[in-house]
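Close look at the chain arrangement
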Amino acid sequence: MPQFAANLSMLYPEHAFIDRFAAAAADGFSAVEFLFPYALPAADLAAQLQAHGLRQVLFNAPPGDWEAGERGMACLPGREAEFRDGIQRALDYAQTLACPRIHVMAGIVPTDQDRDKLLPRYEANLAWAAEQAAAAGVDVLIEPINSRDMPGYFLSRQDQAHAIVQAVGAANLKVQMDLYHCQIMEGDLAMQLRRHLPTGRVGHIQIAGVPERHEPDQGEINYPYLFALLDTLGYTGHVGCEYRPRRGAVAGGTSAGLGWLPR
Ligand SMILES: O=C(O)[C@@H](O)C(=O)CO
Ligand SMILES: [Mg+2]
């Protein structure tokens, strides 16, 4: 069975963020991921990891103004300086958290701009980020996100992401394959895994039930089949549990919903 990482941005909403590390460890997780750590000092987060025997396997670089609807800057012309500052900040956190990968979000295509015209800027920004990250021993990931949840997001399909990774040609630039998004956009998950995992360009996998993004055993995807396939394909990375527990912020809700987790 693959190794699983608890996504602390989504799991354990019944706890304050800082208490979610303890909750994940108590449920048997040995690894965690989250979206944005920047509200807290990296040292405080590292202390949580150490106190609870957890490894950090992923977090996101700063996405721009999230509250205003921004979802990354990598494809946006005119935001290069802010993009670069964000990558440096993420790499500082990665060092303190001993985290081997960061997810760099692409951004929403401005309605008055043509997506294809943004591609060179996106690839140049990714090449720069990958070069900085390589010096720190960190992988840079890009994630296709479904256009129902995130309309206008620059990257929504696995093929697009793999073509970009190939075009940039940096060994530490990889694809974050979120099977929830992939199912909504493309389906055919087993064949997608068979096609893309052997390339060595998949740097991380995430899961959730479809369509509600609840527990993996809620919905249309047969995850036990896919977990066995990951073993067959020799996937040795982590699988991030990035879902909203069905019982939400009810006390014990996340733990009660972990019956799907192979122990
Ligand atoms: O799938 C997601 O939503 C996340 O992995 C992410 O990084 C962007 O929100
Ligand atoms: Mg994801």
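Residues numbered from 1 in each chain as written. Chains lettered and ligands numbered in written order. Predicted model: local features only at pLDDT ≥ 70, side-chain atom pairs only at ≥ 80, totals over all residues. Heavy atoms only, no water.

Let's talk about the confidence of the model for the protein chain
Just so we agree on the cut-off: For every residue, the predictor states its confidence as a pLDDT score lying anywhere from 0 to 100.
Summarising the model, the protein chain shows a mean pLDDT of 97, and 100% of its residues fall at 70 or more. Predicted complex metrics record ipTM = 0.99 and pTM = 0.98.

What to know about the environment of Val175
Basically, it comes down to this: Only DSSP runs of H or I reaching four residues or more are called helices, and only runs of E reaching two or more are called strands; each is numbered from the N terminus. When a residue's accessible area, from a 1.4 Å probe over protein chains only, is under 20% of the maximum for its type it is buried; when over 50% it is exposed; and in between it is partly exposed. Any two residues having at least one pair of non-hydrogen atoms within 4.5 Å are treated as being in contact.
Within the secondary structure, Val175 is located in strand 6 (residues 173-178). Residue classification places Val175 among the buried residues on the basis of a relative accessible area of 0%. Each C-alpha atom, one on Val175 and one on Leu76, is 20 Å from the other, the two residues being 99 residues apart in sequence. Contact partners of Val175, with chain neighbours within four places excluded, come to Ile142, Pro144, Gln158, Ala161, His162, Val165, Arg201, Val202, Gly203 and His204.

Structural notes on the coordination of the magnesium ion (ligand 2)
What counts here: Here the term donor refers to an N, O or S atom within 2.8 Å of the metal (or 3.2 Å for Na, K and Ca), and because water is left out of the atoms, sites may appear incomplete. The geometry test gives tetrahedral to four donors whose angles all lie between 85 and 135 degrees, gives square planar to four donors and octahedral to six donors whose opposite members are over 155 degrees apart with all other angles between 65 and 115, and gives irregular to the rest.
Within the protein, Glu143 (OE), Asp178 (OD), Gln206 (OE1) and Glu242 (OE) serve as the donor atoms for the magnesium ion (ligand 2), at 2.0 to 2.2 Å. Here the magnesium ion (ligand 2) binds 6 donor atoms, and the angle range of 76 to 173 degrees at the metal identifies the geometry as octahedral. Spacing between the donor residues of the magnesium ion (ligand 2) along their common chain follows E-x34-D-x27-Q-x35-E. Within this pair, whereas Glu143 is found in the loop between strand 5 (139-142) and helix 5 (158-168), its partner Asp178 is found in strand 6, the two being separated by 35 residues in sequence. With relative accessibility at 0%, the residue Asp178 sits in the buried group.

So, the packing of aromatic side chains
Filter applied, for reference: Pairing of aromatic rings covers Phe, Tyr and Trp, the last counted by its six-membered ring, and requires centre-to-centre distances within 6.5 Å; plane angles under 30 degrees mean stacked, over 60 mean edge-to-face, and any other angle means tilted.
Inspection of the entire model under this criterion finds 13 aromatic pairs. Between Phe4 and Trp260, the ring centres sit 5.6 Å apart and the planes meet at 80 degrees, which makes this aromatic pair edge-to-face. In this pair, Phe4 sits in strand 1 (residues 3-7) while Trp260 sits in the segment after helix 9 (253-256), placing the two residues 256 residues apart along the sequence. A relative accessible area of 9% means that Phe4 is categorised as buried. According to the relative accessible area criterion, Trp260 is buried, its value standing at 11%.

Quick look at the pattern of salt bridges
Selection criterion: For this document, the term salt bridge refers to a Lys or Arg side-chain nitrogen within 4 Å of an Asp or Glu carboxyl oxygen.
What the rule picks out here adds up to 9 salt bridges. Among the salt bridges present, the one from Arg213 reaches Glu242, with a minimum N-O distance of 3.1 Å. Taken together, the residues Arg213 in the loop between strand 7 (202-207) and helix 8 (223-232) and Glu242 in the loop between strand 8 (238-241) and helix 9 connect sequence positions 29 residues apart. Exposure class is identical for Arg213 and Glu242. Each is buried.

Regarding the sheet that holds strand 5
Under the convention used in this document: Here the rule is simple: two strands pair whenever DSSP picks up at least two bridges between them. Axes, fitted as lines to C-alpha atoms, cover a helix only where it is in contact. Angles between the N-to-C directions of the axes lie from 0 to 180 degrees.
The strand order around the closed barrel built from 8 strands is 1-2-3-4-5-6-7-8, with neighbouring strands paired in parallel fashion. When strand polarity is set aside, the average angle formed by the axes of neighbouring strands in this sheet is 30 degrees. One ladder, built from 4 bridges, connects strand 1 with strand 8; its direction is parallel. Bridging from a neighbouring strand, Ala5 pairs with Gly240 of strand 8. Sitting on the sheet, helix 4 (residues 115-135) touches strand 5 and strand 6, and the angle it makes with strand 5 is about 150 degrees.

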